[in-house]
Amino acid sequence: MRKYLLASAASLGLMVAASGAAHAQAAKAPAPGQIVVHLNGLLNDQINMIGATGDSVQGGTKLNPIGMSGFLRLYPGFDGTTENGIQYGVATELRTTYTPAGVGTHEGFGAEGGNGYTTLAIRRAYGYIGTPQTGFVRFGQTDGIWWLLATGEYYNFGDGNLWNSDGGVGTAVPSPDAPKGLFTSSGALYTTNKIVYISPDVDGFKAGFDFEPNSNAFNEGALCTIGSTNCATLASAPGGVKSRRKNTITGGLEYSGEFSGTGVTLAVDYLHAAPIGDSTGTGVGYKSMGIAEFSGQVKYAGFTLGANVKTGQVNNGYTFLTPGQRDLFFYEVTGIYDFGPYTVGAYYFNNQAAGAYTPGSNIGRTETDYGIAVGANYALSKNLGVYATYLYGHRHQDGYTFGTNNGVALTNNVQSQAFSLGAALKW
């Protein structure tokens, strides 16, 4: 008879989303014939203090520098092992969605909520199957090789989001002032339906690849209206589509080893995607996307040092370039120290992209964004922690106005900084 168990809360890290962690299978496989059910969650709430170029403009609106933000994330799923040793399971991530200003309710869904906004969204939803000897296959709305076989980018200090605009104080910074970075963990990549394979570990080496035919979410069927650019299987459209991919393929190789007590991880990945074609030939046309990622980390005596570099034919937000636009170059360096219940960390990133430049325009060829994040955490228990986060960001592109406030233009050189204190509870 099949046995069912309830998973321990210890399977979920305080700051790192369980479904997004870099594992292709359960950290500990259940015994043959058993299923371990997960009902984990994370609640994060914080008070923020923010100052930015666009928070007060003469003749425009003014923002309160003090505010609060928070979110709830749920991680239902299960891990199982067949009688003959095959591991399989399901992992999901449900999270509260962004709520429009002045709406203080999460009591309903859609029209029932009185505002037309849903309050919970499926961010990840995937299954997996495999063994340590043959490797593992993922299928569904999931992280791909770009994240699973990469390192040097971390979310285990401060509010766990930092400048990645995935919640936390960075999201609360006015968007024209928040620096953009080509971060590895991006909703543009992990919220799409794909199939992923990761090989077994052979002397510290792992390889993998994934395939995503269309950049669509895991949903109830593929809806398609002929002649609509919202068609799930769209291959071409008048003028093309800048932000939608087709036939995305990613491959990667990772090595992990330990030398005299020092852990070392090195990884290289490559992502290629085709744009939605221009069916009329009258548009500007988009170049294929091709990005290389090089990353590494060193761990010793509680210290973690990491680096992540990306370069290639891509613009901010994993969108396509047009002919004449420059390639993107991104790098990030991070240092973290764990000692007992305390964690302190900091990173710096620099992102150089085409941004808003188009050939023949008066806008500078390069948008330069950089950001600094500093965080400290204290775990009162495995289920409760408090933290502090500080962010500084800068954006610049000659001749380009990053935003307007009530009709008043901001500059082409904007800055922001933010500080937050918060608490995270997980189960």
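Residues numbered from 1 in each chain as written. Predicted model: local features only at pLDDT ≥ 70, side-chain atom pairs only at ≥ 80, totals over all residues. Heavy atoms only, no water.

Peer 1: Can you explain the overall build of the chain? Please cite residues and give values.
Peer 2: Counting secondary structure elements, the chain contains three helices and 20 strands. For the chain, the exposed surface amounts to about 19,600 Å²; the carbon and sulfur share of it is 60%. (Helix = DSSP H or I, 4+ residues; strand = E, 2+ residues; numbered from the N terminus. Areas by Shrake-Rupley, 256 points an atom, 1.4 Å probe, with all protein chains shown as cover.)

Peer 1: Mind laying out empty space enclosed by the protein, listing which residues take part and the relevant values?
Peer 2: Counting across every chain of the model gives two cavities of 30 Å³ or more. As for the largest cavity, its lining consists of 15 residues, and the residues nearest its centre are G144, W146, L189, Y190 and K194. Elements that contribute at least two residues to the lining of the largest cavity include exactly α1 (145-148), α3 (187-190), β8 (205-214) and β10 (241-259). Looking at the lining of the largest cavity residue by residue, the class counts come to five nonpolar, six polar and four charged. (1 Å grid on protein atoms, 1.4 Å probe; cavity = no way out; pocket = protein on both sides within 12 Å on 5 of 7 lines; lining within 4 Å. Points joined across faces, edges and corners; volume = space filled by probe spheres on them. Nonpolar A, V, L, I, M, F, W, Y, C, P; charged D, E, K, R; others polar.)

Peer 1: Mind laying out the side chain of E293, listing which residues take part and the relevant values?
Peer 2: Relative to the assigned elements, E293 resides in strand β12 (residues 289-300). The charged side chain of E293 is buried without a salt bridge, its nearest counter-charge being K310 at 4.1 Å. In this structure the side chain of E293 is engaged in a polar contact, spanning 2.9 Å, whose partner is the side chain of T184. Not counting the four nearest positions on each side in its chain, E293 is found in contact with W146, A150, T184, A267, V268, D269, N308, V309 and K310. (Buried < 20%, exposed > 50% of the residue type's maximum accessible area, 1.4 Å probe, protein only. Lys, Arg positive; Asp, Glu negative; His and termini not counted. Salt bridge = Lys/Arg side-chain N within 4 Å of Asp/Glu carboxyl O. Polar contact = N/O pair within 3.5 Å; in protein donor to acceptor, adjacent residues only side chain to side chain. Contact = heavy atoms within 4.5 Å.)

Peer 1: Go over the confidence of the model for the chain, please, and point to the residues and values.
Peer 2: Segments scoring low in pLDDT should not have their predicted coordinates read at a detailed level. When pLDDT is averaged across the chain, the result is 86; 84% of the residues are at 70 or more. Predicted confidence is poor over residues 105-116, with pLDDT under 50, and the contacts of this stretch with residues over four places away or in other chains come to 18 contacts. (pLDDT = per-residue confidence, 0-100.)

Peer 1: Can you explain the packing of aromatic side chains? Please cite residues and give values.
Peer 2: For the structure shown, the criterion picks out 19 aromatic pairs. Considering the side-chain rings of Y348 and Y370, the 6.0 Å spacing of their centres and the 40° angle between planes classify their relative orientation as tilted. With Y348 in strand β15 (residues 342-353) and Y370 in strand β16 (residues 367-381), this residue pair connects regions lying 22 residues apart in the sequence. Taking the relative accessible area as the measure of exposure, Y370 reaches 23% and is therefore partly exposed. Taken together, the ring pairs connect F157, F183, F330, Y347 and F349 into an aromatic cluster. Across from the ring centre of F71, 4.0 Å away, lies the NZ or CZ of R73, which sits over that ring. The ring centre of Y190 lies 3.7 Å from the NZ or CZ of R124, which sits over that ring. (Phe/Tyr/Trp six-rings, centres within 6.5 Å; stacked < 30°, edge-to-face > 60°. Lys NZ or Arg CZ within 6 Å of the ring centre and 35° of its normal.)

Peer 1: Tell me about the pairing of strand β6 (residues 135-141), and please be specific about residues and values.
Peer 2: Most of β6 is tucked away, with five of its seven residues classed as buried. Here strand β5 (residues 120-131) runs beside β6; their pairing, made up of seven bridges, is antiparallel. Bridge pairing links I129 to V137 in β6. Where β5 hands over to β6, the hairpin turn is made up of three residues, counted between the paired strands. The sheet contact formed by β6 and strand β7 (residues 193-198) spans six bridges and is antiparallel. Residue pairing in the sheet places R138 in a bridge with V196 of β7. (Pairing = 2+ DSSP bridges.)

Peer 1: For the pattern of salt bridges, give the residues involved together with the corresponding values.
Peer 2: All told, the structure shown has seven salt bridges when counted by the stated rule. Between E93 and R124 there is a salt bridge, and its shortest N-O distance comes to 2.4 Å. With E93 in strand β4 (residues 87-96) and R124 in strand β5, this residue pair connects regions lying 31 residues apart in the sequence. Connected via shared salt-bridge partners are E93, R95, R124 and D143.

Peer 1: An account of the environment of F320 is needed here, citing residue identities and associated values.
Peer 2: Relative to the assigned elements, F320 resides in the loop between β13 (303-313) and β14 (328-339). Note: C-alpha distance between F320 and G285 (35 residues apart in sequence) is 9.5 Å.

Peer 1: So what's going on with the side chain of E153? Residues and values would help.
Peer 2: Summarising the element assignment, E153 is placed in the loop between α1 and α2 (169-172). At 2.5 Å, the side chain of E153 and the side chain of Y155 are in polar contact. If we skip the residues at most four places from it in the chain, E153 touches W147, F183, T184, S185, K310 and E332.

Peer 1: Please provide a residue-by-residue account of the environment of Y255, values included.
Peer 2: Positionally, Y255 belongs in strand β10. Judged by its relative accessible area of 22%, Y255 is partly exposed. Residues Y255 and L266, 11 residues apart in the sequence, show an inter-C-alpha distance of 5.3 Å.

Peer 1: So what about the nonpolar core? Which residues, and what values?
Peer 2: Among the nonpolar cores identified, the biggest contains 35 residues, and W163, I291 and Y347 are the most heavily contacted of them. For this core, the elements supplying multiple residues, two or more each, are α1, β7, β11 (262-278), β12, β14 and β15. The element contributing the most residues to this core is α1, with four residues. Discounting chain neighbours no more than four positions away, the residues touching Y347 are F157, L162, W163, F183, E332, V333, T334, G371, I372 and A373. (Core = buried A, V, L, I, M, F, W, Y, C linked by side-chain atoms within 4.5 Å.)

Peer 1: Got a sec to walk through a nonpolar patch on the surface? Specific residues and values, please.
Peer 2: A contiguous nonpolar patch, built from I47, M49, I66, M68, I372, V374, Y390, F419 and L421 and spanning about 730 Å² of accessible area, is present on the exposed surface. At the level of secondary structure, the elements contributing two or more residues to the nonpolar patch comprise β2 (34-52), β3 (66-81), β16 and β20 (413-426). Along the chain, F419 falls in strand β20. (Patch = residues over 30% accessible without salt bridge, like charges linked within 9 Å, V, L, I, M, F, W, Y side chains within 5 Å.)

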